[in-house]
Amino acid sequence: MAPTNVPAPLEGKKRRIGVMTSGGDAPGMNGAVRAVVRMAIHNNCEAFAIYEGYDGLVKGGDMIKEMHWEDVRGFLSEGGTLIGTARCMEFMQRDGRRTAAKNMIIKGIDALIICGGDGSLTGADRFRDEWPSLLEELIERKELTKEQVDPFRHLNIVGLVGSIDNDLSMTDATIGCYTSLARICEAIDSVDTTAVSHQRAFVIEVMGRHCGWLALSAGVATGADFVFTPENPPHPGWEKEMLKQVKKQREMGKRKTIVVVAEGAIDRDLKKVTCEQVKDVLAKDGGLDTRITTLGHVQRGGTPSAYDRMLATLQGAEAVKAVLEATPETPSPVICIQENKIVRRSLLEAVAQTKEVAVAIENKDFERAMQLRDTEFAEQYKSYHITTAANLPELLLPEEKRMRVGIIHVGAPAGGMNAATRAAVAYCIARGHTPVALHNGFPGIIRHHSDEPVGAVRDIKWIDAETWASKGGSEIGTNRGLPSEDLETCAFVFKKYNIQSLFVVGGFEAFTAVSELRKAREHYKAFKIPIVIVPATISNNVPGTEYSIGSDTCLNALIQYADACRQSASASRRRVFVIETQGGESGYIATVAGLSIGALAVYTPEDGINLKMLDRDIDHLADVFRKDKGISRSGKVILVNEKASKTYSVQTIAQMIAEAGKGKFESRHGVPGHFQQGTTPSPMDRVRAVRFATKAMQHLEEFIGQNMDEIDDDPMSVSVVGIKGSKLLFSPMEQVEKKETEWHRRRPKHEFWMALKETVDTLSGRPQATKNP
Ligand code: ATP
């Protein structure tokens, strides 16, 4: 007999989509669940949470619960997974999967979105593969009738990669990996200070049994001296090499040694490389006071970073879209990210490629193992190697190919500026170039060019920049002033100090400055040198790139501020915070922060603010509080970009809300101001700074041997490095200036993130925003 609680066939009923988290927990999983639930409801479907991973699917009953809009309120900022996760042995067996299929049909669910690691996604794919035969078995065993089963003949599976290890091939990042990296970097930064004080060595073990991403990225972000991973094991004799390097570094003045070891680190004979082993080399053979720190589970925990919240939200929303667009023939997708682009990839292929990495390692084919990870991973290794190894003869260029590279910071400080500079300096020294600091921006060199030897132009030594990886602000000084203040003197200084190429770090001012130098080439030969901009600004408004270093640090500072505001309302519960964000004429920061905190509304300069908009948002607020009935334990947030309106300041908007609240809810305004520049740069900004800087230096080297006119004739000789969609590339300034720049608004003409605004509004339930006429 078939059970009586099986729903009628689906016709005329709402589609039911299940969501679960599985495998090890990862920060950001809750954001994915929230996005799936709300997107599903928004698309007229019903959402069901499956508690405790596959365990819940096998147990059924109350473990599979319908989720309403309000049920996921506050999820975004919570670490771990609120719907639970488990490792489920029963699901590994066919009987368990058959019971799971039955439970899904009983609940009327024919689409499953799974957020987990490669194990969970393998299980999911297997489930979909077996689905038709599992249904037949259920009929044969008379557990369900054919009529009950028929409406559920096709199972849709969509994978979301939730894992701190960043171990799935085909995606640059997994949900949780950047938060975990932040925990690791916080720990290493703390250990760093004590290491310097006592001239100690620290060997730090980080997670990653099969994948070295966390170890490598932590090494890059903190400027660690050595990194041990499973994919790129050290060559035989590494112990001696390590001691040689340490000795050299200490001779150059370095007071500390940091080694990062992935849990799964091995040597080329596949023998485990342990922290104890590394410690023995440094302590016994090297005579260094050496300590081991094992970070353990702190790496999994805590509040998700801005990036993980954003990634989880966008991927959760995309997963629902994928379910709705799927046909019975569509292969199961996994939602990935490539550089800055959310993409769908074949779940089967991604899992297969991931498993191939393990096979390649087993076969000692380490080159292949590296290739099978994402492109960023292999590049990161190269950048790490070249910016860490001091004085390796094989990296040095012959005398005649060496340059004097001017390094200058322009505009407001942004997290990662120093990391980019440190990487550029280390790169220069490894290759034999001379890095020259042009202190305090263009006004610095214009005003003080004659103050030698402590003037504004100085060669940078390796040891000077060595500690800059994790430092905020600008160590060589930055200034908003432009070369047009005195082009003549700028050219004079360039000539006097024989600046043969220029590495510029900064935001829209840097962009403007470089544009001026390019145009002035006609009159000043000194500017006929290769010039590259590494975009660095919290506003993320540099044309030619979708990502500027510093913007991630800013987003993290903002969400910290907003989370604190919201939490402060936990007693009254009925408070709205109207927070002003920076960003100049670009609404990027406001919008992406809005996505990461689940803002009720975001006001940007692109759309402006009008009375109708405010009216509607205030009605919406009233509605939200009415429905909330005191369930949520925090306040609501509205984000307003500093230039969104000349009329409606955050104070005015807060007053309007308070008045409309009529005592039912109240309002406060907040201006975090320069707090948004953050203190310590985020790991993402640091890692990307190193990547951009290395690429930029390689780009400058392409012009070695060319004369002034050849350089002048090549549009690529003045360019901006950046990420566009799924690619990292260089764009020629001339073209970017003419075709991609909205000069009077100081922002790119095409702003990729505008498409995200709809997702922010949809997920907060905001009625369609009205643009300013
Ligand atoms: P993490 O990256 O944190 O290890 P994961 O998803 O890889 O996460 P696993 O423990 O490998 O974690 O898998 C989680 C669950 O997925 C397992 O307990 C099991 O229920 C299911 N699962 C894994 N592999 C399979 C498989 N081959 N067939 C069926 N189910 C599987």
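Here we summarise the structure given alongside this text.

Rules of the game
Residues numbered from 1 in each chain as written. Predicted model: local features only at pLDDT ≥ 70, side-chain atom pairs only at ≥ 80, totals over all residues. Heavy atoms only, no water. Helix = DSSP H or I, 4+ residues; strand = E, 2+ residues; numbered from the N terminus. Rg over C-alpha atoms; globule rule 2.2 N^0.38 Å. Buried < 20%, exposed > 50% of the residue type's maximum accessible area, 1.4 Å probe, protein only. Contact = heavy atoms within 4.5 Å. Areas by Shrake-Rupley, 256 points an atom, 1.4 Å probe, with all protein chains shown as cover. Lys, Arg positive; Asp, Glu negative; His and termini not counted. Charge placed at Lys NZ, Arg CZ, Asp CG, Glu CD. Near = heavy atom within 4 Å. Polar contact = N/O pair within 3.5 Å; in protein donor to acceptor, adjacent residues only side chain to side chain. Phe/Tyr/Trp six-rings, centres within 6.5 Å; stacked < 30°, edge-to-face > 60°. Pairing = 2+ DSSP bridges. Axes fitted to C-alpha atoms, helices over the stretch in contact; angles between N-to-C directions. Right-handed = clockwise from strand over helix to strand, strands pointing away. Parallel < 35°, antiparallel > 145°, perpendicular 65-115°, else oblique. Nonpolar A, V, L, I, M, F, W, Y, C, P; charged D, E, K, R; others polar. Core = buried A, V, L, I, M, F, W, Y, C linked by side-chain atoms within 4.5 Å.

Our next topic: the overall build of the chain. Looking only at helices and strands, the chain has 26 helices and 25 strands in total. A compact globule built from 773 residues should have a C-alpha radius of gyration of about 28 Å, and the chain, at 28 Å, falls within 12% of that. Taken along its principal axes, the extent of the C-alpha atoms in the chain is 90 × 70 × 50 Å. Burial statistics for the chain: of 773 residues in total, 62% are counted as buried. Across the chain, contacts joining residues at least 24 apart in sequence account for 79% of those joining residues at least 6 apart. Summed over its atoms, the accessible surface of the chain is roughly 29,700 Å², and 49% of this surface lies on carbon and sulfur atoms. With 97 positive and 100 negative side-chain charges, the chain shows a spacing of 3 Å between the two charge centroids.

Bringing the site of the ligand into the picture now. In the vicinity of the ligand, 17 residues are found, and the nearest of them are G24, R87, C88, G119 and S120. Within the side chain of D118, an N or O atom sits 3.2 Å from an oxygen atom of the ligand. Taking S120, its side chain carries an N or O atom lying 2.4 Å from an oxygen atom of the ligand. For the ligand, whose free accessible area comes to 630 Å², the fraction covered by protein is 84%.

Moving on, we get to the packing of aromatic side chains. A complete count under the given rule lists 17 aromatic pairs for this structure. Relative to F527, the ring of F494 lies with its centre 5.4 Å away and its plane at 85°, an arrangement referred to as edge-to-face. Here F527 lies in the loop between α18 (508-520) and β17 (531-535) and F494 lies in helix α17 (residues 487-496), a separation of 33 residues in the sequence. A single burial state applies to F494 and to F527, both of which are buried.

With eight of its nine residues buried, helix α26 (residues 756-764) lies for the most part within the structure. Every buried residue of α26 is accounted for by L756, K757, T759, V760, D761, T762, L763 and S764. Looking at the packing, one finds that the buried side of α26 touches α1 (29-42), α10 (306-325), α20 (588-597), β19 (601-603) and α21 (611-628).

Phi at E52 is positive, roughly 60°, even though this residue is not glycine. By the element assignment, E52 lies in the loop between β2 (46-50) and α2 (54-59). Here L270, not a glycine, exhibits a phi torsion of approximately 65°, which is positive. Mapped onto the secondary structure, L270 falls in the loop between β8 (257-262) and α9 (275-285).

Quick look at the sheet that holds strand β4 (residues 111-116) now. Strand pairing in a sheet relies on backbone hydrogen bonds. The paired strands run either parallel or antiparallel. Spatially, seven strands are ordered β3-β2-β1-β4-β5-β10-β11 in an open sheet, and the strand pairing comes out mixed. The sheet terminates laterally at β3 (64-67) and β11 (341-346), the two strands that pair on one side only. Ignoring strand direction, the axes of neighbouring strands in this sheet form an average angle of 30°. Summarising the sheet, β4 and strand β5 (residues 156-161) pair through six bridges and their orientation is parallel. In the sheet register, I113 faces β5, and the bridge partner there is V158.

Looking now at the sheet that holds strand β7 (residues 226-228). Strand order across the open sheet formed by four strands is β7-β8-β6-β9, with parallel pairing between neighbours. Looking at which strands have only one partner, the edges of the open sheet turn out to be β7 and β9 (290-294). When strand polarity is set aside, the average angle formed by the axes of neighbouring strands in this sheet is 15°. Direction of pairing for β7 relative to β8: parallel, over a ladder of three bridges. Paired with F226 across the bridge in β8 is V259. Of the strands in this sheet, β6 (201-206), β8 and β9 touch helix α6 (residues 177-198), which is tilted by about 165° from β6. Each of β6, β7 and β8 is contacted by helix α7 (residues 213-222), which is oriented at about 175° to β7, the strand it contacts most.

Most of strand β1 (residues 16-21) sits out of view: six of its six residues are buried. Taking every second residue as pointing to the same face, both faces of β1 are buried, with R16, G18 and M20 on one and I17, V19 and T21 on the other. Relative to β2, β1 runs parallel, the two sharing five bridges. When the sheet's bridge partners are listed, V19 is paired in β2 with A49. One crossover worth recording links β1 to the parallel β2 by way of α1, and it is right-handed.

Turning our eyes to something else, we now look at the packing of α1 against α26. Axis separation between α1 and α26 bottoms out at 9 Å; the angle between their running directions is 85°. On the basis of the axis angle, α1 is roughly perpendicular to α26. Across the interface between the two elements, R34, A35, R38, M39 and H42 from α1 touch T759, T762, L763 and S764 from α26. Residue composition of the contact of α1 with α26, grouped by class: three nonpolar, four polar and two charged.

Another aspect to go through is the nonpolar core. Counting 139 residues, the largest nonpolar core has I113, L160, I258, F503 and V534 as its most contacted members. The greatest single-element share of this core, amounting to 11 residues, is contributed by α10. When residues no more than four places from it in sequence are discounted, the contact partners of V534 are A420, F503, V504, V505, G506, I549, F692, A696 and V721. With 37 residues, the next largest nonpolar core counts Y54, C88, F127 and L347 among its residues.

This next bit is on the side chain of R128. Mapped onto the elements of the fold, R128 is located in helix α4 (residues 118-140). Excluding residues within four positions of it along the chain, R128 makes contact with L155, N156, I157, P328, T330, P331 and S332.

Moving on, we come to the environment of Y603. Here Y603 is to be found in strand β19. Residue classification places Y603 among the buried residues on the basis of a relative accessible area of 1%. Between the C-alpha atom of Y603 and that of V357, which follows or precedes it by 246 residues, the distance is 45 Å. With near-sequence residues (within four places) excluded, Y603 lies in contact with A590, I609, M613, L614, D617, I638, L639, V640, N641, A644, I653 and R766. In terms of polar contacts, Y603 uses its side chain to reach the side chain of D617, at 2.7 Å.

To continue, consider α17. Buried within α17 are the following residues: T489, C490, A491, V493 and F494. Buried residues along α17 sit against β13 (434-438), α15 (441-448), β14 (457-459) and β16 (501-506). Positive backbone phi, at 50°, marks N498, one or two positions downstream of α17.

Time to look at the side chain of Q315. Relative to the elements of secondary structure, Q315 occurs in helix α10. In this structure Q315 touches L160, I175, I335, C336, I337 and I342, once residues within four positions along its chain are discounted.

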